[in-house]
Amino acid sequence: MFVCAAAMAGVVEHARAGTDVAMGDLSGLSIITNSGGLNAISCETTACNVGTTTVPWIAAMNPNHPFIAYSIFRLKDGRFEQIGRAWAKHTFVVSSDTLCGPCTPAGAQSLGIGCSDTYFDNHNANQFFLGPREEIDPYTAAWQPCGSWFDGTPVDCQRSNNGSGLGPFDHRCTVANSDLGLAGASYFYEGMYIVAGDVDTSNNIASRRFTMFASGDSWIFQTPFDDNPVLHGPVVTTRYLTGGANELLSTVADPGLLYVASKATDLGGGMWHYEYAVYNYTYSRRIRRFAVPVPGSAIVSNIGFHDSDFESGNDWPGTFDTSCGAVNWQTDTFAANPAANALIWGALFNFRFDANVPPTTGSAAMEAFLAGGGADAPATNAIVPNIGCVKGDVNGDGFIDGRDVQAFVGVLLNPPCVEARSFCAADIDSNSVINNSDAIGLAGLIVGP
Ligand SMILES: [Ca+2]
Ligand SMILES: [Ca+2]
Ligand SMILES: [Ca+2]
Ligand SMILES: [Ca+2]
């Protein structure tokens, strides 16, 4: 079993002033139960208090406890997909162990400085303490017990729902047999602690590679010891892209972060495959729309979507909007359907298509599901089909000159869809808004350096 380097060194990994919980170990991936081609999967997580304060670990209905999220991913043929995801584990008690080094115990409801606490696979899969991710703000770790899943009926801020009456796969990380054991695939599991006030969240999330073999009608999972340390960071940032040509990772902050990994592959014959893995790390508002600019005259095929549940009815339909010049996927608005399949934190959705257009660097548009926060931020550092957008050449005649001013005013007064070429050319600073700063930018381009 891997333990944090701190444990081997006998010292705390690093002491940063304030609250700092780290994922000290991630191991023991196992099948809790299986039947009918499905597997409920869980893993073992170890928290280390590497900060300078104790951390409350008080069971629901008290809101002051960390949350543990975990899920399963597969990399195959250039596609990085999430194939299972559990509801969030509400932590409820700590032991004061020494996996991370010297520990100053602080009781069962508080993780002492330097102390570790391990939840085994059966703990993390216990439906009594699994709650909907939607109730938790991944950025602030806020959770409102009153009216929660645990509160149940009546809504009286008392725990009514004890997790009984559930099926073996409900709320658990459920993975289909058909997604496991595929030739040429690599598999990973990721775990994350969400902790209020954590001053360094980069060490809260980590992943490990695992392998498997079939055993009767089930699977035996193994987490190789060699060359397979606990790798900190969101899995999409550490396990997918390799820095090759036509690959980019875009980071979007709201506050809260999400990542858009994009990749284009030359299929030959003038066709390209575009592949997007959009991972919501801590983006509270979720995402309900994703759009990639494509020239309206392009040939587009094989528009696809992948999420990690087993419901096709909630998949985001993808369409090629030739008038706008975009391939667009979306689910319902919050107003239309508060339970829509928006991209929740800890989830990864894939968007893909083929087009007869070579790639360039540009922006993919996204729309938040919940109100609040700032303007909906695009992924500005993405691999997208080249729509022929040249910043400043708003009228598309190959020159940047006074004639673009008139075209710019047209876009300013009557903006087309954000994916359109003229919008892109007028949006000099690539922030998906046309305003005065773009006018100044255009003037600078016309006058020249
Ligand atoms: Ca931390
Ligand atoms: Ca689905
Ligand atoms: Ca022009
Ligand atoms: Ca702009």
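Definitions and limits used
Residues numbered from 1 in each chain as written. Chains lettered and ligands numbered in written order. Predicted model: local features only at pLDDT ≥ 70, side-chain atom pairs only at ≥ 80, totals over all residues. Pairing = 2+ DSSP bridges. Helix = DSSP H or I, 4+ residues; strand = E, 2+ residues; numbered from the N terminus. Core = buried A, V, L, I, M, F, W, Y, C linked by C-beta atoms within 7 Å. Buried ≥ 20, exposed ≤ 12 C-beta atoms within 10 Å, placed from the backbone. Contact = placed C-beta atoms within 7 Å. Domains from an automatic or database assignment. Nonpolar A, V, L, I, M, F, W, Y, C, P; charged D, E, K, R; others polar. Axes fitted to C-alpha atoms, helices over the stretch in contact; angles between N-to-C directions.

## A short note on the pairing of strand β16 (residues 257-268)
Every other side chain in a regular strand lies on the same face of the sheet, so the side chains alternate between the two faces.
Moving on, step 1. Pairing geometry for strand β15 (residues 247-253) and β16, over seven bridges, is antiparallel. Bridge pairing in β16 links A253 to L257.
Moving on, step 2. Bridge count for β16 against strand β17 (residues 271-280) is ten bridges, and the pairing is antiparallel. Each bridged residue has a counterpart across the sheet, and for G268 the counterpart in β17 is M271.
Moving on, step 3. Counted between consecutive antiparallel strands, the loop separating β16 from β17 contains two residues, among which G269 sits at a positive phi close to 65°.

## Observations concerning the nonpolar core
Moving on, step 1. Counting 115 residues, the largest nonpolar core has V236, V260, A277, V278, I287 and A364 as its most contacted members.
Moving on, step 2. Sequence-distant contacts of A364, defined by excluding residues within four places in its chain, comprise V260, Y276, F290, A291, V292, P378, A379, A382 and V384.

## Some thoughts on the environment of A261
Moving on, step 1. In this fold, A261 is placed in strand β16.
Moving on, step 2. Take A261: there are 24 C-beta atoms within 10 Å of it, and that puts it in the buried class.
Moving on, step 3. Spatially, the C-alpha atoms of A261 and F369 are 20 Å apart, while their sequence positions differ by 108 residues.
Moving on, step 4. If sequence neighbours within four positions are ignored, A261 has contacts with F80, V236, Y240, L241, L249 and A277.

## Things to note about the domain arrangement of the protein
Moving on, step 1. The domain boundaries assigned to the protein delineate domain 1 (5-237), domain 2 (242-387) and domain 3 (391-449).
Moving on, step 2. One C-alpha centre belongs to domain 1, the other to domain 2, and the line joining them spans 27 Å.
Moving on, step 3. Facing the 20 residues of domain 1 at the interface are 22 residues of domain 2.
Moving on, step 4. Contributing elements (two or more residues each) for the side of domain 1 that touches domain 2: β4 (67-76), β5 (79-85) and α3 (235-238).
Moving on, step 5. For the side of domain 1 that touches domain 2, the element with the highest residue contribution is β5, accounting for seven residues.
Moving on, step 6. Residues belonging to the side of domain 1 that touches domain 2 are distributed by class as follows: nine nonpolar, five polar and six charged.

## Here we look at the sheet that holds strand β23 (residues 359-368)
Moving on, step 1. One open sheet accounts for five strands, arranged β20-β21-β18-β23-β24; its pairing is antiparallel. Taken across any chain shown, the strands that pair with only one partner, and hence form the sheet edges, are β20 (318-321) and β24 (379-385). Mean inter-strand twist for the sheet, computed between neighbouring axes without regard to direction, equals 30°.

## Regarding unusual backbone geometry
Moving on, step 1. Geometrically, the link from A60 to M61 is a cis peptide bond, its omega value of 15° lying close to zero.
Moving on, step 2. Relative to the elements of secondary structure, M61 occurs in the loop between β3 (55-56) and β4.
Moving on, step 3. In the segment running from D254 into P255, the intervening peptide bond is cis, with an omega of 25°.
Moving on, step 4. Along the chain, P255 turns up in the loop between β15 and β16.
Moving on, step 5. For A141, which is not glycine, the phi torsion reads 70° and is therefore positive.
Moving on, step 6. Looking at the element boundaries, A141 is found in the loop between β9 (130-131) and β10 (173-176).
Moving on, step 7. Positive phi, close to 60°, is recorded for N246, a residue that is not glycine.

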